[in-house]
Amino acid sequence: MLDYAALNAVSAVVREGSFEGAAHALGLTPSAISQRVRGYEERLGSLLIVRGQPCLPTALGKALCAHIDKVRLLEAEIPELCGQGALAVSRSPTLKIAVNADSLATWFPRAIADFAKETDVFLDLLVEDEAHTADRLRSGDVMAAVTADATPVPGCHTTHLGVLRYVACASPDFILRHFSNGFTRAAFATAPCMCFEKRDKLQTRWLQDVHHTPLPLHVHYIPSPQGFLDFALTGLGWGLQPLCLAQEHLATGRLIELPPQHALDVTLYWIIPRLKSDLLGKLTQHLKKLNHPGFATV
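All of these numbers come straight from a predicted model, not from anything done at the bench. (Residues numbered from 1 in each chain as written. Predicted model: local features only at pLDDT ≥ 70, side-chain atom pairs only at ≥ 80, totals over all residues. Heavy atoms only, no water.)

> Where do I start with the overall build of the chain in this structure?
Looking only at helices and strands, the chain has 13 helices and 12 strands in total. With the principal axes as the frame, the chain shows a C-alpha extent of 70 × 40 × 30 Å. Taking the contacts inside the chain whose residues are at least 6 apart along the sequence as the reference set, 71% of them involve residues at least 24 apart. With the model as given, the accessible surface of the chain reaches about 14,300 Å², and the carbon-plus-sulfur share is 55%. Taking the 27 positively charged and 29 negatively charged side chains of the chain as two groups, their mean positions are separated by 2 Å. (Helix = DSSP H or I, 4+ residues; strand = E, 2+ residues; numbered from the N terminus. Contact = heavy atoms within 4.5 Å. Areas by Shrake-Rupley, 256 points an atom, 1.4 Å probe, with all protein chains shown as cover. Lys, Arg positive; Asp, Glu negative; His and termini not counted. Charge placed at Lys NZ, Arg CZ, Asp CG, Glu CD.)

This is how it looks when you write it as structure tokens:
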């Protein structure tokens with residue numbers, strides 16, 4: 001049988017990154033936290049936490065922390081258990097969600113903020129590439145994910161949210177400098193390109209779809225949606241921007257969509273565990289009813 005008092009200490013160490021931080025969060029001494037964690041590890045015959053700066057969970061520790069997060073969420077929906085349940089829920093639960101940076105910079109905040117204000121749930125957002133957010137759910141790092149990966153996750157329910165549209169843009173002066181002889185394969189092979197990070201495949205997809213050419217050797221990596229847009233405006237390189245961020249600049253001519261004006265649509269999904277949780281159900285409804293310019297919901 002699981003020892004929830006000990007697991008609460010394990011979860012706090014992982015969440016806070018240290019035994020001292022966990023002690024402060026739970027109102028205990030670092031020695032008491034250490035004894036609970038070490039005692040439980042001895043009973044299980046397995047390490048749960050890799051001691052370091054910060055402290056990190058082992059595979060078993062991560063799985064147990066994911067279980068505790070689910071229990072804490074469910075207990076929080078039963079007012080009679082507040083302060084006396086297995087985990088002594090005395091504050092609103094924290095919901096860990098993996099979300100891609102472009103969603104976080106565009107449509108996601110309004111939906112999640114409304115939900116958090118209505119329910120008093122606290123958020124712990126992990127920013128990850130949309131093709132890999134589901135992996136964070138599979139590994140137990142988060143309880144929910146916005147993802148472009150349609151592969152089913154065992155034990156989870158998937159909801160189709162809609163598409164986030166991207167357009168290839170550059171500043172007028174960049175186009176003048178690098179495409180003066182036309183938007184040819186040779187020009188795209190030398191014109192500096194911008195990518196969000198090493199795993200960002202949007203520019204690669206666009207080049208293959210439209211010009212049948214690979215990503216150029218000259219690439220700037222800019223891991224910030226606002227920075228990505230700002231650098232495009234300064235003429236650093238071309239790249240695919242979320243339409244809802246770029247449309248004002250396209251309308252004023254500060255950015256120009258690259259021919260043949262071929263947009264890329266990234267289909268997004270919402271994945272949550274198959275729990276009978278009113279909170280997760282309510283959050284899903286908030287996301288499904290969202291209507292944001294540039295994000296086509298279904």
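> Which parts of the structure should I look at to understand the nonpolar core?
Soluble globular proteins tend to pack their nonpolar side chains together in the buried interior. Trp 206, Trp 238 and Trp 270 are the most contacted members of the largest nonpolar core, which has 44 residues in total. Val 10, Val 13, Ile 33 and Leu 64 belong to the second largest nonpolar core, which has 18 residues in total. (Core = buried A, V, L, I, M, F, W, Y, C linked by side-chain atoms within 4.5 Å. Buried < 20%, exposed > 50% of the residue type's maximum accessible area, 1.4 Å probe, protein only.)

> What should I look at first to understand the side chain of Thr 284 in this one?
Along the chain, Thr 284 turns up in helix H13 (residues 278–288). Thr 284 has contacts with Thr 159, Trp 270 and Ile 272, leaving out every residue within four places of it along the chain.

> Quick question: what am I supposed to make of the environment of Asn 181 here?
Take Asn 181: it is sitting in the loop between helix H8 (172–178) and helix H9 (185–190). When the C-alpha positions of Asn 181 and Ala 145 are compared, they lie 44 Å apart, and in sequence the two are 36 residues distant.

> What is the right way to read the packing of aromatic side chains from this model?
Given two aromatic rings, one states the distance between the centres and the angle between the planes to describe the pair. One pass over the full model with this rule turns up 7 aromatic pairs. Between Phe 188 and Trp 238 the ring centres are 5.6 Å apart and the planes differ by 80°, which places this aromatic pair in the edge-to-face class. Separated by 50 residues along the polypeptide, Phe 188 in helix H9 and Trp 238 in the loop between helix H11 (225–234) and strand E9 (239–242) bring together distant segments of the chain. The pair Phe 188 / Trp 238 is uniform in exposure class, with both members buried. Of the aromatic side chains, those joined through ring pairs into one cluster are Phe 174, Phe 179, Phe 183, Phe 188, Trp 206 and Trp 238. (Phe/Tyr/Trp six-rings, centres within 6.5 Å; stacked < 30°, edge-to-face > 60°.)

> Help me understand the packing of helix H2 (residues 19–26) against helix H3 (residues 30–44), please; the structure alone is not making it clear to me.
Think of two packed helices as two axes; the pair is described by the angle between the axes and how far apart they sit. H3 packs onto H2 with a crossing angle of 105° between their chain directions and a minimal axis gap of 8 Å. With respect to H3, the element H2 is oriented roughly perpendicular. Contacts between H2 and H3 involve Phe 19, Glu 20, Ala 22, Ala 23 and Leu 26 on the former and, on the latter, Pro 30, Ile 33, Ser 34 and Val 37. Looking at the contact of H2 with H3, its residues break down into 7 nonpolar, 1 polar and 1 charged. (Axes fitted to C-alpha atoms, helices over the stretch in contact; angles between N-to-C directions. Parallel < 35°, antiparallel > 145°, perpendicular 65-115°, else oblique. Nonpolar A, V, L, I, M, F, W, Y, C, P; charged D, E, K, R; others polar.)

> Quick question: what am I supposed to make of the pairing of strand E3 (residues 94–99) here?
Strand residues, when the strand is regular, have side chains that alternate between the two faces of the sheet. Most of E3 sits out of view: 5 of its 6 residues are buried. Where E3 lies against strand E4 (residues 122–127), 6 bridges are found, and the strand directions are parallel. Residue pairing for E4: Ile 97 is matched across the bridge by Leu 125. With 2 bridges connecting them, E3 and strand E5 (residues 144–147) associate as parallel partners. Across the sheet, Ala 98 pairs through a bridge with Ala 145, a residue of E5. (Pairing = 2+ DSSP bridges.)

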